[in-house]
Amino acid sequence: MVNVCRSTQDLSGQWRIQHYEVGEKRAMDVAAAALDDRFWIGAAVPGDVHGALAERGIIDPPYFGHNDAKSRWIEQKEWWYRTTFNLDLDVSPEERIELVFEGLDTFATVYVNGHEVGETANMLMTHTLDVTCLVRSGWNAIAVRFDPLHLHHRDKETFDWSSYTKERPWLRKAAMNFGWDWGPRIVTLGIWGAVRLERYTVAKLQNVYARTKSVSEKQAQVQVTANVQSVLSFRSRHKRTQPVVTTCDIRLLNDTGDVVASSASLSVTEGKAETVLNVLHPRLWWTHDLGEPYLYNLEVTLYADGIAVDRYYQPYGIRMIELALHNEQGEGRFAFILNGVKIYAKGANWIPADQLIGTIPSSRYRELVELSVEAHMNMLRVWAGGIYEKDVFYDECDRQGVLVWQDFAFANALFPDFNRDFMHNVQQEVENNVLRLRNRASLAIWCGNNEIDWLYDMKTASGDITSPFYGEHIYHELIPEALERLDPSRPYWPSSPYGGNHGQDANDPDTGDRHNWQVWHGSVYPRKEGEVPVLDYSIEGVTFKNYKKDHALFSSEFGMHASANRYTLEKNMPAGQFYWGSPEMAYRNKDTNHQKGILLMEGYTGIPQNIEEYMNFSMLTQAEGLRYGIEHFRRINDRNSGALVWQLNDSWPGTSWSMIDYELLPKASFYYAKTFFHPVLLSLEHEPGQPLALWIVNDTQDEVAGQLRLHVYDLHGERLHSTIYEVKIPAQSSMQIETLEEAEVLGTKQAEEVMVELQAEGFNAPMNRYFLRDPKDIALPQCKLGVHVNEEEQSVTVTASGAIARMVKMELPLGRIRFSDNYFDLLPGESRMVTIRHPEIKSLPLTELRVSAMNGIEI
């Protein structure tokens, strides 16, 4: 460890908050250092006003019932934060002291010891303020005033298009705060990021940039650039008899602390020191499914006249990432190449992990990324309507081997790129976040926006937009220019979806990435650029069977709703409202047309008649629908190179497209994903009356060889047919093994009376089971479930009898529960042991365990 003159003082923790009417108080009076704030409200920082008021019981829990609507008054007030701190200050003309806010939401004015330091107008970036001449030895005070947003948009131009609200295009704030089709309007404000005081002497490391230039088994080259800034005042510099000599030591250390490459005493010239580190026999960073996400540690030490004054220390993964837009034959592709290996991107879209972004604990990030890995996901897309995520998210993706597709924060609206002040704000936001994130091994791609290029064309064609493409300059000029200067090491994509060839629109399956909203939203495709968009709200229009028509190069958004789990719903709904069709259940669904979900279930499971059927039918439809689509995409992996489900997580306890609900309880689709995202997939391709096609998909870098076993059972568990196939599947390929006519496997049974099972022998692939007809067409016999609970081992064993048990479901009235398996099918006489755990609670209330199936109950 190198002793350096730089020091950091954490100012997070307990602050105090108070609100006033706009103009009620004179700002300098409330900001005064000696103001008596004893009777203000205690509030955690990081956090926000809503979270603080809910914690103190001043507002009702905002996610319970309709309480979010009761807290709307908060966004109309002026809010103040205050704290004090002590400082041991040895005044030196060669020292600089900076106050750093990692997140201010949104229009804030900062005061130190009663003096106004500066204003901010951007939630989505870090703000650093020089307070050298304002702080003093001993006691100091900080005050931050937050304006209500309406003061900053009420006199602004309103544009033709801004999804869900017209006020947000001028505001650099998380778009989802204003409501989206999966979450409520909760317009937060407050100090949502950490706060600290940083002290420097003579000079500081302004930023460090490390990028892998080349890799091979023998050697990797890592280019490191350290930008250095003098913190000396003009007067101090000219008082010195000799100019300051600054140098840098740059080292790469392995996980045991040994130096594997270094450059010492590098001269700082024109504010920059640069070197190339040659790492012999490097350990590369891989996604968890392809290898080890190995992290070195990069250390940069800055010296001024031989004295260490600053230090940078950050985990660093050696890896190369590319985006291939063509294959060897020149055909269109959209494929990520990691360390020379083409990967199949399996994963989901990430939205903020809570509506109250400032209150999200680090554990929530860690658990969500862990769950992603458990489901064999290797990529998460950080969606544009949220934030550039907190460092802990990227820490976990780096550590656990998950690639990140990072959108810039521009979603579904026109933005005033003609306004100088707005564009200056955006420029700062873009540069701030690129500098913060560019050293991350997990960061695979920058993307300019969500759906704006595509929807601008559709809404112009439909007459909803009559203006020019306001915002186009941001995604096609400002951002790529900034990346060319600051991060040329990884690909940039202007929008998602983006493409279009031969007159097709930006959602063209033959170019770039694609969002499939034929399923669920009923969008009719193919569509030419400039054509009026058409929606088909019918069973055929919204069905997930439309996925098989989609031959996208990369599927970056697709999905369908499912109910949240029972505990999540019951916890957040008033007594008597937990029933199918209740006003509270309707309030949980923020989508624009609730009929879509009914149509999807009507065509697959039938329309639910009660809350139990709704939970089961919607979960089964989502799980089977995602399996149907993803298995199709993976079978065509010579063309399709990625499938990112919309969406991974929820920001509040509602009904949505998520695979994991707000209480971190996975839905049925999550457990299905353990199979349909597994690196080796056994897949049955089949439509009613058509042949059964048996496939194996191998995403690994090794050949797979062994036996594929096909078994067919009737609904009472009698085996009707068995066949064994010797198989050999090359690395990173898919192969059709055999086709069979329905009649060959049915025997004397009808197609709606059988279940097909695929098993691997001699290689690692999970068993996969299929019914040959939709649930609404299958008359499942009643089954019985035997349940044995082992409290000592925290496990439960479920045994079916009488008939196949369809979608065995285990429930505990607790959030964050992890079942090793759930929502599975059992043959009569078959048992499955499931382990149960919780990240913090060791002794679980297993006496409250509830086990059921769609066609049976526990006995």
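Provided above is the structure to which this section pertains.
Being a predicted model, the structure only gives us computed values, none of them experimental. (Residues numbered from 1 in each chain as written. Predicted model: local features only at pLDDT ≥ 70, side-chain atom pairs only at ≥ 80, totals over all residues. Heavy atoms only, no water.)

Which residues make up the overall build of the protein chain, and what values do they have?
Across its full length, the protein chain carries 17 helices and 47 strands. Computed over C-alpha atoms, the radius of gyration of the protein chain comes to 29 Å, within 12% of the 29 Å expected from 2.2 N^0.38 for 859 residues, which places it in the range of a compact globule. Dimensions of the protein chain, computed from C-alpha atoms along their principal axes, come out at roughly 100 × 65 × 65 Å. Pairs at least 24 apart in sequence give 72% of the contacts found in the protein chain among residues at least 6 apart. Surface exposure of the protein chain reaches about 32,100 Å², of which carbon and sulfur atoms provide 48%. When the 83 basic and 116 acidic side-chain charges of the protein chain are each reduced to a single mean position, those positions are 4 Å apart. (Helix = DSSP H or I, 4+ residues; strand = E, 2+ residues; numbered from the N terminus. Rg over C-alpha atoms; globule rule 2.2 N^0.38 Å. Contact = heavy atoms within 4.5 Å. Areas by Shrake-Rupley, 256 points an atom, 1.4 Å probe, with all protein chains shown as cover. Lys, Arg positive; Asp, Glu negative; His and termini not counted. Charge placed at Lys NZ, Arg CZ, Asp CG, Glu CD.)

Which residues make up the sheet that holds strand β19 (residues 272-280), and what are the values?
The three strands lie next to each other as β15-β16-β19, forming an open sheet whose pairing is antiparallel. Edge positions in the sheet fall to β15 (203-215) and β19, since each has one partner strand and no second. Neighbour-to-neighbour, the strand axes of the sheet open up by a mean angle of 20 degrees, direction not taken into account. Two elements, β15 and strand β16 (residues 219-230), share eleven bridges in a ladder whose sense is antiparallel. When the sheet's bridge partners are listed, Lys-204 is paired in β16 with Gln-229. (Pairing = 2+ DSSP bridges. Axes fitted to C-alpha atoms, helices over the stretch in contact; angles between N-to-C directions.)

I'd love a proper account of the nonpolar core, names of residues and values included.
Phe-393 and Phe-408 are the most contacted members of the largest nonpolar core, which has 128 residues in total. Counting 54 residues, the second-largest nonpolar core is a separate cluster that includes Val-208, Ala-273, Val-279 and Trp-405. (Core = buried A, V, L, I, M, F, W, Y, C linked by side-chain atoms within 4.5 Å. Buried < 20%, exposed > 50% of the residue type's maximum accessible area, 1.4 Å probe, protein only.)

Break down the pairing of strand β33 (residues 680-685) for me, with residues and values.
The side chains of a regular strand alternate between the sheet's two faces. Buried residues dominate β33, accounting for five of its six residues. Hairpin connection, β33 to strand β34 (residues 692-698): the antiparallel pair is bridged by six residues, and Gly-689 has positive phi, about 80 degrees.

Any details on the sheet that holds strand β23 (residues 332-338)? Residues and values, ideally.
Reading across from one edge, β22-β23-β24 is the order of the three strands in this open sheet, with antiparallel pairing throughout. Single-partner strands in this sheet number two, and they are β22 (321-326) and β24 (341-342). Strand direction decides the pairing type here: β22 and β23, joined by five bridges, are antiparallel. If you follow Leu-323 over to β23, its bridge partner there is Phe-336.

Describe the packing of aromatic side chains, listing the residues and the values that go with them.
One pass over the structure, following the stated rule, counts 45 aromatic pairs. On the basis of an interplanar angle of 15 degrees and a centroid distance of 4.5 Å, the ring pair of Trp-580 and Tyr-614 is categorised as stacked. One end of the pair, Trp-580, is in the loop between α12 (566-571) and α13 (583-587); the other, Tyr-614, is in helix α15 (residues 611-635), and 34 residues separate them in sequence. For Tyr-614, a relative accessible area of 8% corresponds to the buried category. These aromatic residues form a ring-pair network of at least three members: Phe-334, Phe-336, Trp-405, Trp-493, Tyr-498 and Phe-554. When the ring centre of Tyr-587 is taken as origin, the NZ or CZ atom of Lys-590, which lies over that ring, is 3.4 Å away. (Phe/Tyr/Trp six-rings, centres within 6.5 Å; stacked < 30°, edge-to-face > 60°. Lys NZ or Arg CZ within 6 Å of the ring centre and 35° of its normal.)

I'd love a proper account of the environment of Glu-299, names of residues and values included.
Here Glu-299 lies in strand β20 (residues 296-304). The spatial distance from the C-alpha of Glu-299 to the C-alpha of Leu-189 is 36 Å, given a sequence separation of 110 residues. In contact with Glu-299, not counting residues within four places along its chain, are Asp-249, Ile-250, Arg-251, Leu-253, Arg-311, Tyr-312 and Tyr-313. There is a polar contact of 2.8 Å between the side chain of Glu-299 and the side chain of Arg-251. (Polar contact = N/O pair within 3.5 Å; in protein donor to acceptor, adjacent residues only side chain to side chain.)

A description of the pattern of salt bridges should follow, citing residues and the corresponding values.
A complete count under the given rule lists 67 salt bridges for this structure. Across the pair Arg-440 and Asp-398 runs a salt bridge whose closest N-O atoms are separated by 3.0 Å. You can see Arg-440 sitting in the loop between α8 (420-437) and β28 (443-447) and its partner Asp-398 sitting in helix α7 (residues 391-400), a full 42 residues away along the chain. Owing to a relative accessible area of 3%, Asp-398 belongs among the buried residues under this scheme. Linked by salt bridges that have partners in common, Lys-548, Glu-631, Arg-635, Glu-685 and Glu-687 make up one network. (Salt bridge = Lys/Arg side-chain N within 4 Å of Asp/Glu carboxyl O.)

Provide a residue-level description of the packing of α15 against helix α16 (residues 668-676), including the pertinent values.
Where α15 contacts α16, the axes come no closer than 8 Å and their chain directions differ by 25 degrees. The angle between the axes of α15 and α16 places the two elements in the roughly parallel class. Taken as a pair, α15 and α16 cross one another with a handedness that is right-handed. Mapping the contact onto sequence places Met-619, Leu-620, Gln-622, Ala-623, Glu-624, Leu-626, Arg-627, Ile-630, Glu-631 and Arg-634 in α15 and Ala-668, Ser-669, Tyr-672, Thr-675 and Phe-676 in α16. (Parallel < 35°, antiparallel > 145°, perpendicular 65-115°, else oblique. Left-handed = near helix turned anticlockwise from the far one by under 90°.)

Please set out the side chain of Asp-407 residue by residue, giving values where relevant.
With respect to the element layout, Asp-407 can be found in strand β27 (residues 403-407). One polar contact links the side chain of Asp-407 to the main-chain amide nitrogen of Ala-384, over a distance of 3.1 Å.

Can you tell me about the packing of α8 against helix α10 (residues 472-486), naming the residues and giving the values?
For the pair α8 and α10, interaxial distance at closest approach is 10 Å and the crossing angle is 40 degrees. In terms of orientation, α8 and α10 fall into the oblique class. Note on packing geometry: the crossing formed by α8 with α10 is right-handed. Facing Phe-422, Met-423, Val-426, Gln-427, Val-430, Glu-431, Val-434 and Leu-435 of α8, the residues of α10 in contact are His-473, Ile-474, Leu-478, Ile-479, Glu-481, Ala-482, Leu-483, Arg-485 and Leu-486. Residue composition of the contact of α8 with α10, by class: twelve nonpolar, two polar and three charged. (Nonpolar A, V, L, I, M, F, W, Y, C, P; charged D, E, K, R; others polar.)

Residue-level account of α10, with values.
Given a rise of 1.5 Å per residue, 15 residues ought to cover 21 Å, and the 21 Å separating the end C-alpha atoms of α10 matches this to within 8%. Along α10, the sharpest change in direction is near 25 degrees and occurs at Leu-478; proline Pro-480 comes one to four residues later. Residues Ile-474, Tyr-475, Leu-478, Ile-479, Ala-482, Leu-483 and Leu-486 constitute the buried set of α10. On its buried face, α10 sits against β15, α8, β28, α9 (452-462) and β29 (492-493). (Expected span 1.5 Å × (residues − 1). Bend = angle between axes of the 7 residues up to and from the residue.)

Please provide a residue-by-residue account of the side chain of Arg-145, values included.
By the element assignment, Arg-145 lies in strand β10 (residues 138-146). Of the polar contacts made by the side chain of Arg-145, one reaches the side chain of Tyr-111; its length is 3.3 Å. Discounting residues that sit within four places of it in the chain, Arg-145 has contacts with Ala-27, Glu-78, Trp-79, Trp-80, Phe-107, Ala-108, Thr-109 and Tyr-111.

Lay out unusual backbone geometry in plain terms, naming residues and giving numbers.
Between Asp-105 and the following residue, Thr-106, the backbone shows a cis peptide bond with an omega angle of 0 degrees. Counting through the fold element by element, Thr-106 comes out in the loop between β6 (104-105) and β7 (107-112). A cis amide bond, omega 10 degrees, links Trp-646 with the succeeding residue Gln-647. Mapped onto the elements, Gln-647 comes out in the loop between β32 (642-645) and α16. Although it is not a glycine, Gln-732 sits at a positive phi angle of roughly 50 degrees. Judged by relative accessible area, which is 34%, Gln-732 ranks as partly exposed. The backbone of Arg-816 sits at a positive phi, close to 65 degrees, despite the residue not being glycine. In this structure, Arg-816 sits in the loop between β42 (805-811) and β43 (818-819).

Talk me through the environment of Val-244; I want residue IDs and the actual numbers.
You can see Val-244 is positioned in the loop between α5 (234-239) and β17 (246-253). Considering only alpha carbons, one finds Val-244 and Ala-304, 60 residues apart in sequence, at a separation of 6.3 Å. Apart from residues no more than four positions distant in its own chain, Val-244 is found in contact with Val-202, Leu-232, Ala-304 and Asp-305.

Which residues make up helix α6 (residues 362-374), and what are the values?
For α6, which comprises 13 residues, the first-to-last C-alpha distance of 18 Å matches the rise-based estimate of 18 Å (1.5 Å per residue) to within 8%. Taken residue by residue, α6 has Ser-363, Arg-364, Tyr-365, Glu-367, Leu-368, Val-369, Leu-371 and Ser-372 as its buried positions. Of the surrounding elements, those touching the buried residues of α6 are β25 (345-350), β26 (379-382), α7, α16 and β43. Among the residues trailing α6, His-376 stands out with phi positive, at a value near 65 degrees.

Function cannot be read off these values alone, since they describe shape.
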